[in-house]
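# Remarks on the overall topology
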Amino acid sequence: MECRLAHSADEWSCQISIRWEFDSAGKPLEDGVQEVPFGPRITDKDEVEPMLRRAQAAILSTASYGSVAHFVDMDLAEVRSRMDPKSGARPLAFSRNTICVDLRGPDLADLSFVDLPGIVQNAEEDIVNLVEELVTSYADGNCLILVALPMSDDIENQKAARIAKHADPQGLRTIGVLTKPDTIPAGSTKRKQMWLDVIEGREHPLQHGYYCTRQPDDDQRLEGITPAAARAAEVQFFRTTAPWSTSTCLHRYGTANLVKSISELLTRIISDSLPKLLNEVSTQLAATNKALAALPPQIATEPSAFVLDLVTKFRNDVVELVQGSPRHPLLVQANNETYARFKRAIRGTAPPYVPYEDAQRAPKKSRLGKYVRLDDDEEGVPGKGITRPAQYVYLEEVRQHIQASVTRELPNNIPYPAKRSLIHEYQKTWEMHARACFEGVQAAFKKSLSHSIRERFERFHHLRGIVGPTVMEQVETFSGNTLQHLDTILELEVEGPPFTQNTRDYTTMRDKQLAQYRQARAYASRRAKSGEGQADEEEDEDEFAHGSSGEPSSAVPRPPKALSEKEKETLRNALAQLVKLGYHATEEDLAKLEPADEYEEELVVMAEVRAYFQVTYKNIIDTVPKMIDRKLLYALADGMQGVLIEKLGLGSAKADARCVAYIAEDPNVVASRTELLAKKKKLEEVQRALFNFGL
């Protein structure tokens, strides 16, 4: 039985409960611990003992708390009958479940104690083990141990003292209480002397000693003896009965002396244990606060305002995702990588023209990279240099393509369809690359949005169930619109006729590319005439191709070999004669007397197609990313808040009721928070009480 006393300004009252922890087999209940009131709160002290007997019969006769109600009003005669094996009843000898007695009143102190069953030795082994386990489980810890030793038996035969010794080896928490001194026969002089030696500390000494009490017998209790009369009878017994009346330790006789000693010892134990108790309470309080901090904060604002604030914060998160911020940099960084891949993919479609008749008469492929290089190629950056084509296009192939396009053109006129088809040939994969770019951005955007939705709405499952699909629907809607705009851009670039007003860049690129082709042709021609064969070294061609300024020349360059003095004199005379005839020519102009390249038309076509690619390439690698950003990312961010407000019905008449449902918390979270808050309150009360006790 567990007694819990509490000081209260209200009148005295008692509530008896049964704490069910184990089933009839002694195993813990699957439903956990259940403490159930047994009857109403009692205000008449005379009703306590009968109700305790009924409660005792209930836990010894029943396997669960669901079938004890009929014991509350049971007649005491029937209670005795149910507990009497002679009547055929088979109650349990002992139970692991506990009768709890809560006492409140103005004359009570805040104190708890447990009345344990006496140690039995002549019962079945499982009963003996059960009782000893119960006693041992309560004796450990900081509690005060009162060892009740009936004087009707020798102290050496009583196991309770040995259990207390094991739990409290130094005896700091143990007090011996000798009971039933009136049961010692009048002629048992040696037994009385043995117990007197124990009380006066000569035998089996304890640090706090022994106290002897005499309680009313069964007949006196049945007669209804009052507590005051019982204490008076006890005092009279010890005053008139030898050898107790002549003891040298009269302060160790009587319940009043025992209570006084227990109070002093309990106060001392609490004082000694106070630092440890305070530390344990502080540790548990810190753990409780940590567990509370790990739970989502409790909602204190009005539901509609709270939901609107959530939606606004989520919209701000999306804006930061799209624009990029120190808090949300990942989406923009991922998109930049996607746009860079798109640029390289389009760059890889550049026409791979080289100014040689065919592969047999061209240098090694490792020397052809400069002909497909663009002005903005990022050389020296790992993974971002030139992507060499799988197959180069030579002059003979271009010539065949032009000839296949000739219809009614005059001689020396290149058919327009020939150039147009060459342009469309390198543009045919642009739609695929643009779609891949869009899909990469879309996937990264969805991933970032999903993360933000989880971050903002994780604890509100109902709200997340609406916001998540709504946002993804918006992504699909704006994705369709974005693809339509991309199709329009690609249709203009790929399907329509070639067009540009960027004449300056186009002309510059055309002339530069044509000069590079001509230089390569002239160098190859000179080597062929000199019998040196085809060159493999890039340095020789570069030395031949560039003048003192380092810039390529559009004219056919002169031979790299220096003229002799005689040849120089002849050259100067020839130029002087031309001046006399009215022709003002320079040394470089003489190079134009060289016969024209037989592939001049093809070189021009190649230079023009490459120049147009350079112009359109720069346009497409900017326009596609801008369109995806504007029509998908920014468009969704701009309209997100309005769509969610409408979808959630925040402006409707039932907005408050809806928002209450939206932010309804998980019952498990609510239960955990309630339990932790109650625990925190209790620990804080205990902490204050311990602080006050120490003052």
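Our subject is the structure that appears above.
Residues numbered from 1 in each chain as written. Predicted model: local features only at pLDDT ≥ 70, side-chain atom pairs only at ≥ 80, totals over all residues. Heavy atoms only, no water.

## What to know about the pattern of salt bridges
Applying the stated criterion across every chain, the model contains 33 salt bridges. With a closest N to O distance of 3.2 Å, Asp511 and Arg510 form a salt bridge. Linking Glu608 and Arg510 is a salt bridge whose minimum nitrogen-to-oxygen distance equals 3.4 Å. Highlighted residues: Glu608 in helix α19 (residues 600–648) and Arg510 in helix α16 (residues 503–530), separated in sequence by 98 residues. (Salt bridge = Lys/Arg side-chain N within 4 Å of Asp/Glu carboxyl O. Helix = DSSP H or I, 4+ residues; strand = E, 2+ residues; numbered from the N terminus.)

## Let's talk about a negative patch on the surface
Together, Glu431, Asp487, Glu491 and Glu495 line one region of the surface with negative charge. A total of three residues in the negative patch trace back to one element, the largest contributor, which is helix α15 (residues 461–495). Tracing the backbone through its elements, the reader meets Glu431 in helix α14 (residues 430–457). (Patch = residues over 30% accessible without salt bridge, like charges linked within 9 Å, V, L, I, M, F, W, Y side chains within 5 Å. Areas by Shrake-Rupley, 256 points an atom, 1.4 Å probe, with all protein chains shown as cover. Lys, Arg positive; Asp, Glu negative; His and termini not counted. Charge placed at Lys NZ, Arg CZ, Asp CG, Glu CD.)

## Comments concerning the environment of Phe71
Mapped onto the elements, Phe71 comes out in helix α2 (residues 69–72). By relative accessible area, which is 2% here, Phe71 ends up buried. Sequence spacing of Phe71 and Ala58 is 13 residues, and the spatial spacing of their C-alpha atoms is 6.2 Å. (Buried < 20%, exposed > 50% of the residue type's maximum accessible area, 1.4 Å probe, protein only.)

## Brief notes about helix α5 (residues 159–167)
By the burial criterion, the buried members of α5 are Ile163, Ala164 and Ala167. The arc that holds the buried residues of α5, viewed along the axis, is 100 degrees, so those residues lie on one side. Turned more than 90 degrees away from the buried face of α5, the exposed residues are Lys165 and His166. (Arc of directions from axis to C-beta.)

## Notes on the nonpolar core
Membership of the largest hydrophobic core comes to 83 residues, with the highest contact counts inside it found for Val307, Phe314, Tyr356, Leu463 and Ile628. Per-element accounting of this core gives the leading share, 22 residues, to α19. Those residues in contact with Val307 that sit more than four places away from it in its chain are Leu463, Leu648, Leu650, Cys659, Tyr662 and Ile663. The next biggest cluster of nonpolar side chains, apart from the first, holds 26 residues, and it includes Leu5, Cys14, Trp20 and Leu103. (Core = buried A, V, L, I, M, F, W, Y, C linked by side-chain atoms within 4.5 Å. Contact = heavy atoms within 4.5 Å.)

## Quick look at the side chain of Thr98
In this structure, Thr98 sits in strand β4 (residues 98–105). With relative accessibility at 7%, the residue Thr98 sits in the buried group. The contact partners of Thr98, leaving out residues within four places of it in the chain, are Glu2, Ser17, Ile18, Arg19, Glu21 and Tyr138.

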